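# Results of the structural survey
Okay, here's what each chain looks like letter by letter:
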Amino acid sequence: MSGVAEPAPALLETRNVSKHYSAGAGLARSLARRPPEVLRAVDDVSVRIERGETLGLVGESGSGKSTLGRLVLQLEPPTSGDILYEGRSVLGRRARETRELRKRIQVVFQDPYSSLNPTMTVRQTLEEVLKVHRLAPAGSRRERVEELLETVGLAQGAADRKPHQFSGGQRQRIGIARALAVEPEFIVADEAVSALDVSVQAQVLNLMVKLQDELGLTYLFIAHNLAVMRHISRNVAVMYLGRIVEHSPTIDLFREPLHPYTQALMKAAPAPVARRKSITPALTGDMPNPISPPSGCHFHPRCPHAMDVCRSVYPATRVVQGRSVACHLYPEVEPPQPGI
Ligand code: ADP
Ligand code: MG
């Protein structure tokens, strides 16, 4: 017997995961014998998500959130690093095992309209999912569809209507029902409420929280708006140009954002979600080109606190009061606590 118990594995963990795309590999570059440029969409990201928990992932458009979501969904493999599910790497598994695992992780997108077949009724769409995944025998599909619609708060009559006959919030509920039809344990919600009016946003968030309680679901909840995180996730990771710059319990993050980027996002979204219609980050300057990110800390050209070191050295991740932040403003090693 070993004396030290291994910590229980997280439901999902990424270890130093990166996803690079080649960009600018055009004819002019190859004639000039220059190698294609590399776009680091996700760069050395390590996060853990415990079963039944929600990790919020926030950052401006282009920061790499959806790419990380696709890696988690195993729609593409990472360029480097590892992804573990229940403590086991998802990479290099047999095709059948990968298929099984993919079923356990479903996605809800920003706009289910674009992914719902406009000519099919909700019943046809949901029955098709049940059929393809062999989740309910033909005789019980009808009943299962009714049950799914009830679960997401849609009236019975909804089953025989087509996508265009629903409001944005209702369509998002259909998107959730379609994900739930597969009986997943993990849902990647990629900007799932971002296109909705604020009052509808709150309703869909409440539904997602209720479903999490009832079904024990685990969420990776992606949004470019920090305010919605308060309503759904216990922990938040803030992403900027492919990297996690701050990772913290939501409550602490809202009380005192540590990273200047998080502080800027916070200023851009000060009001509770119910009072703001759309929130655009009030950050000065544009997001840099991810193909040639700024030297040192990627955020330094936009940072009001930038120091010399920020221009040359990417900050290592520091642990400050149990939260992690990649910023030179904080000491690299936590000073020893008095009395310890
Ligand atoms: P977010 O979801 O935070 O808006 P994305 O993950 O969609 O960010 O994109 C991150 C960066 O990666 C962007 O610069 C985007 O242009 C780039 N990118 C995403 N997918 C691809 C791809 N398939 N090929 C090339 N570049 C991509
Ligand atoms: Mg995205």
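Residues numbered from 1 in each chain as written. Chains lettered and ligands numbered in written order. Predicted model: local features only at pLDDT ≥ 70, side-chain atom pairs only at ≥ 80, totals over all residues. Heavy atoms only, no water.

### A look at helix α11 (residues 260-268)
Burial of α11 is extensive: 7 of the 9 residues sit out of reach of the surface. Within α11, burial applies to Pro260, Tyr261, Thr262, Ala264, Leu265, Met266 and Ala268. Summarising the contacts, the buried residues of α11 are in contact with β3 (54-58), β9 (235-240), β10 (243-249) and α10 (250-255). (Buried < 20%, exposed > 50% of the residue type's maximum accessible area, 1.4 Å probe, protein only. Helix = DSSP H or I, 4+ residues; strand = E, 2+ residues; numbered from the N terminus. Contact = heavy atoms within 4.5 Å.)

### Quick notes on the environment of phenylalanine 254
If you trace the backbone, phenylalanine 254 turns up in helix α10. A C-alpha to C-alpha distance of 26 Å links phenylalanine 254 and alanine 41, two positions 213 residues apart in sequence. Excluding residues that lie within four positions of it along the chain, phenylalanine 254 makes contacts with Leu226, Ala227, Met229, Arg230 and Met266.

### Focus on the packing of aromatic side chains
All chains considered together, the criterion is met by 4 aromatic pairs. Ring centres of tyrosine 240 and tyrosine 261 lie 4.5 Å apart, and the angle between their planes is 50°; on these two criteria the pair is classed as tilted. With tyrosine 240 in strand β9 and tyrosine 261 in helix α11, the pair connects residues that are 21 residues apart, well separated along the chain. Accessibility assignment for this pair places tyrosine 240 and tyrosine 261 in one class, buried. With centroids separated by 5.2 Å and ring planes inclined at 65°, the aromatic side chains of tyrosine 261 and phenylalanine 299 adopt a geometry described as edge-to-face. One end of the pair, tyrosine 261, is in helix α11; the other, phenylalanine 299, is in the loop between α11 and α12 (308-312), and 38 residues separate them in sequence. There is no split in this pair, since tyrosine 261 and phenylalanine 299 are both buried. Above the face of the tyrosine 314 ring, arginine 243 is positioned so that its terminal group lies 4.0 Å from the ring centre. (Phe/Tyr/Trp six-rings, centres within 6.5 Å; stacked < 30°, edge-to-face > 60°. Lys NZ or Arg CZ within 6 Å of the ring centre and 35° of its normal.)

What is shown is where atoms sit, not what they do.
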